[in-house]
Amino acid sequence: QVQLVESGGGLVQSGGSLRLSCAASGTTFKIHAMGWYRQAPGKERDLVAYITSGDNTDYGDSVKGRFTISRDSAKDMVYLQMDSLKPEDTAVYYCRAAWTEVTGSTHRNLEVWGQGTLVTVSS
């Protein structure tokens, strides 16, 4: 299976930057997409950004132009560079990996989540 460990969260002032890292281990060759999601208190977990094994990326509307997702496939790492941070970016940020298990004619879409890392942006 796949395991994920996030790091890099912390406290930053509005307008500052942080870089989150997600380390994947296990059967990482199966992964076809990885992403960052966030969940603020009392709110649903929302997509921040994702990147596919073909380096296609997409971002949530609220972070476009400020956040950049990247990956280092040799190290099984995914990064989220967050610039121009705002107080509304405060949330727990989760890393997610997705892959497909094929058994005969059966395809199962599987996913795993990291434990989350807290980002707090002060005004």
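The numbers attached to residues start from 1 for each chain and follow its sequence in the written order. Residue-level local features of this predicted model are given only where pLDDT is at least 70; pairs of side-chain atoms are given and counted only at 80 or more, and the full residue set underlies all totals for whole chains, interfaces and linings. As a rule here, side-chain values come from all non-hydrogen atoms in the structure, and water together with hydrogens is ignored.

Student: Summarise the sheet that holds strand β8 (residues 77-82); cite the residues concerned and give the values.
Tutor: For two strands to be treated as a pair, DSSP must find no fewer than two bridges joining them. Helix and strand definitions here come from DSSP, where helices need a minimum of 4 consecutive H or I residues and strands a minimum of 2 consecutive E residues; each element is numbered from the N-terminal end. Strand order in the open sheet formed by four strands is β1-β3-β8-β7, and the pairing between neighbours is antiparallel. Both edges of this open sheet fall to β1 (2-7) and β7 (67-72), since each of them pairs with a single strand only. Across the sheet, the axes of successive neighbouring strands diverge by a mean angle of 15°, strand direction being ignored. Note: strand β3 (residues 18-26) against β8, six bridges, orientation antiparallel. Across the sheet, residue Ala23 finds its bridge partner in β8, namely Met77. Between the N-to-C directions of two axes lies an angle of 0 to 180 degrees, each axis being a line fitted to C-alpha atoms and, for a helix, fitted only over the stretch in contact.

Student: Describe the nonpolar core, with residues and values.
Tutor: Joining through side-chain atoms within 4.5 Å is the link that ties buried Ala, Val, Leu, Ile, Met, Phe, Trp, Tyr and Cys residues into a set, and such a set is a nonpolar core. Exposure is judged per residue with a 1.4 Å probe applied to protein chains only, and the accessible area is read against the type maximum: over 50% gives exposed, under 20% gives buried, and values in between give partly exposed. Counting residues in hydrophobic clusters, the biggest one holds 30 residues, and the most contacted among them are Leu4, Met34, Trp36, Leu80, Met82 and Tyr93. For this core, the secondary-structure elements that each account for two or more residues are β1, β3, β4 (31-39), β5 (46-52), β7, β8, β9 (91-103) and β11 (117-122). The greatest single-element share of this core, amounting to five residues, is contributed by β9. Ignoring anything within four residues of it in the chain, the contact list for Leu4 reads Cys22, Ala23, Ala24, Met34, Cys95, Arg96, Ala97, Val112, Trp113, Gly114 and Gln115. Contacts are residue-level and defined by heavy atoms, with any inter-residue pair within 4.5 Å sufficient.

Student: Can you lay out the side chain of Thr28 for me, pointing to particular residues and giving the numbers?
Tutor: Locating Thr28 in the fold gives a position in the loop between β3 and β4. Judged by its relative accessible area of 17%, Thr28 is buried. Polar contacts, as used here, are pairs of N or O atoms within 3.5 Å; protein pairs need one atom able to donate a hydrogen and one able to accept it. Residues neighboring in sequence count only if both atoms are side-chain atoms. A distance of 3.1 Å separates the side chain of Thr28 from the side chain of Asp76, its partner in a polar contact. Ignoring any residue separated from it by four or fewer positions in sequence, one finds Thr28 in contact with Val2 and Asp76.

Read these as layout, nothing more, since geometry by itself doesn't imply function.
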